[in-house]
Structures are given as structure tokens and as C-alpha cells.
Amino acid sequence: MSDRPELSLIGFVLDAPDARELADFYRRLLGWETVHDDPEWVKLAPPGGGPSVSFQTAKEYVPPTWPAEPDHQQMMAHLDIRVHDLGAAVAYALAEGAVLAEHQPQERALVCLDPAGHPFCLALPGS
């Protein structure tokens, strides 16, 4: 018998200069619904349940540098998003406001930057 209490990941939070703007990008990108909407905090949830992604307004937010460079804001985390057609997914993300990162460490997962500068990966299964 374990002494570990039951723990479940319920969500992930990204800071942004404007929570609503960044949440709108991910709402369009993922097709998720908004389940909480305040000027300082927006929460998106996937259809059918699962961990959510929330966005928190942080006026002091500084976008990370990708790839990491000394003496610059470091990336603390990133989202991995599974896709089945990498080319179509990247084209869609770019049309919705993402930017394709110059540095790409692999071929089966491409790094994009969201409108607030957070890196996220569009990845084929098995990547």
C-alpha cells in the first residue's frame, strides 16, 4: 500500500500579456470551448473532458527566447500538440497567428510560437 495520495493533473496555465487574446488563439487552434472567461483568467477545456489549459494575464510577462540563450528569458514549459498531417497543421497554426520558429530540432515535430511568444510543438504520433 502506497502513502501517496491520489493526484491528477487537471490543467496547465500559461501567462500572457492578455489572457483573452492568447486564449482566443488556442481556442481557434484546438477547437476547445471556453469554460471560464474573466479579463485576467480564461480557461479552455477539450470536448469529452481531460486536462484544461488556462491563460493568466501577467503584465510583467516576458516571452521566452527559442532556442534558449544565456542572459535571456528561458522557456519554462511548452505544449505538445499531436497532429496527423504536419503540413496542414502548421499551415493552420500560421493562419491563426502562430509563427514558425527558425530553430527546428527534429522533422516529425515542428516548433511554432504562439502570439505571446510561447513555443509549442505540432507533433506527429510517435514523435
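On a predicted model such as this, the values are computed, not experimentally measured, just so you know. (Residues numbered from 1 in each chain as written. Predicted model: local features only at pLDDT ≥ 70, side-chain atom pairs only at ≥ 80, totals over all residues. Heavy atoms only, no water.)

## Concerning the overall build of the chain
Point 1. Summing up its helical and strand segments, the chain has two helices and eight strands in all.
Point 2. What you see in the chain, going N to C, is helices and strands ordered as β-α-β-β-β-β-α-β-β-β.
Point 3. Each of the three principal axes of the chain carries a C-alpha extent, and together these read 45 × 35 × 30 Å.
Point 4. Expressed as a percentage of the 127 residues in the chain, the buried residues total 35%.
Point 5. Residue pairs at least 24 apart in sequence account for 49% of intrachain contacts in the chain once pairs closer than 6 positions are excluded.
Point 6. Each charge class in the chain can be summarised by its mean position, and for the 8 positive and 19 negative side chains these summaries are 7 Å apart. (Helix = DSSP H or I, 4+ residues; strand = E, 2+ residues; numbered from the N terminus. Buried < 20%, exposed > 50% of the residue type's maximum accessible area, 1.4 Å probe, protein only. Contact = heavy atoms within 4.5 Å. Lys, Arg positive; Asp, Glu negative; His and termini not counted. Charge placed at Lys NZ, Arg CZ, Asp CG, Glu CD.)

## Structural notes on the side chain of S54
Point 1. Along the chain, S54 turns up in strand β4 (residues 52–57).
Point 2. Since its relative accessible area comes to 4%, S54 is described here as buried.
Point 3. If we skip the residues at most four places from it in the chain, S54 touches F12, V13, L14, W41, V42 and K43.

## As for the nonpolar core
Point 1. Y26, F55, F120 and L122 are the most contacted members of the largest nonpolar core, which has 29 residues in total.
Point 2. Of all the secondary-structure elements, those providing two or more residues to this core are β1 (11–16), α1 (19–30), β3 (41–45), β4, β5 (79–82), α2 (86–95), β7 (109–113) and β8 (119–123).
Point 3. Ranked by residue count, the leading element in this core is α1, at six residues.
Point 4. Setting aside residues no more than four positions away along its own chain, F120 makes contact with F25, Y26, L29, L79, I81, A93, A98, L110, V111, C112, L113 and D114. (Core = buried A, V, L, I, M, F, W, Y, C linked by side-chain atoms within 4.5 Å.)

All quantities given are derived from atomic positions and should not be read as evidence of function.
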